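What follows is the residue order along each chain.
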Amino acid sequence: MKRKFYKNKIYIYMRLIYKLTMALESKELNRKRPLIYIPIERLKLDPLNPRLPVTAQGKSQSETLYYLYKYFDLTELADSITKNGYFDEEPVVAVPEKLPEKFKDADFKKDKTKKEFSEFIETSDTKLIVVEGNRRLAAIQLLLSKEKQTEFKIKGWYDVPPEVEKDLREIPVIIYPKRNDVIAYLGVRHITGIKKWEPYAKARYIASFAQEGSSIEEIQQTIGDRGTSVRKIYFC
């Protein structure tokens, strides 16, 4: 049984690597993204998170936080974070809330553009929308805010040790310029990969790019779908 389990696990990882390779096959591999430790106050929950139902989309930060607390089982995650702090090996992924015009069609292969973008990201008033890691961000926000715990009538949550609180004040973030730049990563991770979303979330994610003009074939190529997963999800 053990041998079969390990063979299956190796197969899954090899398939994931293959799909990621195919997703990037038509792109240059000079695509390192800045990883920066960002103060938690500069990070915002994603009101367009594909895992949220239509009725919960586009709400305020407080409403989104409450919805995640109520329906996304943050308690166990908060317990782990309280005991262990934040694992640097799991950075969240974010995009600027408001991208300056000069970056919208910029060539990020140029050193000057990279430097200017890094300076913009490091500016204290630049806010970032977390597109991957919303549960982690929500758990941290609640752990650090007794006011929110009281507002949401949360009882019996965790007292954060001082050393863990200090650790949570800044967390590692990988930053992409635009949402469209993250499509391959999120697609491989949550649609064709090993950490799959529920069917509804997959459909919303695919539909969001179809609505912006991407064809089903383009979406399939971007996320490394060599079968018919995207087509089935979108049309069902």
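Residues numbered from 1 in each chain as written. Predicted model: local features only at pLDDT ≥ 70, side-chain atom pairs only at ≥ 80, totals over all residues. Heavy atoms only, no water.

Caption draft 1: Just helix H3 (residues 74-84), in detail. Within H3, burial applies to Leu74, Leu77, Ala78, Ile81 and Thr82. Taken down its axis, H3 places every buried residue within 135 degrees of arc, on the same side. Residues of H3 that are exposed and point more than 90 degrees away from the buried face comprise Glu76 and Lys83. On its buried face, H3 is in contact with helix H2 (61-71), helix H6 (134-143) and helix H8 (162-168). Positioned one or two residues after H3, Gly85 has a phi angle of 75 degrees, which is positive. (Buried < 20%, exposed > 50% of the residue type's maximum accessible area, 1.4 Å probe, protein only. Helix = DSSP H or I, 4+ residues; strand = E, 2+ residues; numbered from the N terminus. Arc of directions from axis to C-beta. Contact = heavy atoms within 4.5 Å.)

Caption draft 2: The arrangement of the sheet that holds strand S5 (residues 170-175) in detail. Pairing is mixed in the open sheet, where 5 strands are placed in the order S1-S5-S3-S4-S2. Lying at the two open borders of the sheet, with one neighbouring strand each, are strand S1 (35-39) and strand S2 (43-44). Alignment of strand S3 (residues 92-96) against strand S4 (residues 128-132), held across 4 bridges, turns out to be antiparallel. From the neighbouring strand, Val93 faces S4, where its bridge partner is Glu132. The strands touched by H6 are S2, S3, S4 and S5; relative to S4, the strand with the most contacts, the crossing angle is about 125 degrees. (Pairing = 2+ DSSP bridges. Axes fitted to C-alpha atoms, helices over the stretch in contact; angles between N-to-C directions.)

Caption draft 3: Here's a closer look at the packing of aromatic side chains. Across all of its chains, the model carries 10 aromatic pairs by this definition. Seen from their ring centres, Phe117 and Phe120 are 6.2 Å apart, and the 45 degrees between their planes marks the pair as tilted. Taken together, the residues Phe117 and Phe120, both in helix H5 (residues 111-122) and 3 residues apart, mark about one turn of the helix. Side by side, Phe117 and Phe120 carry an identical accessibility label, which is buried. (Phe/Tyr/Trp six-rings, centres within 6.5 Å; stacked < 30°, edge-to-face > 60°.)

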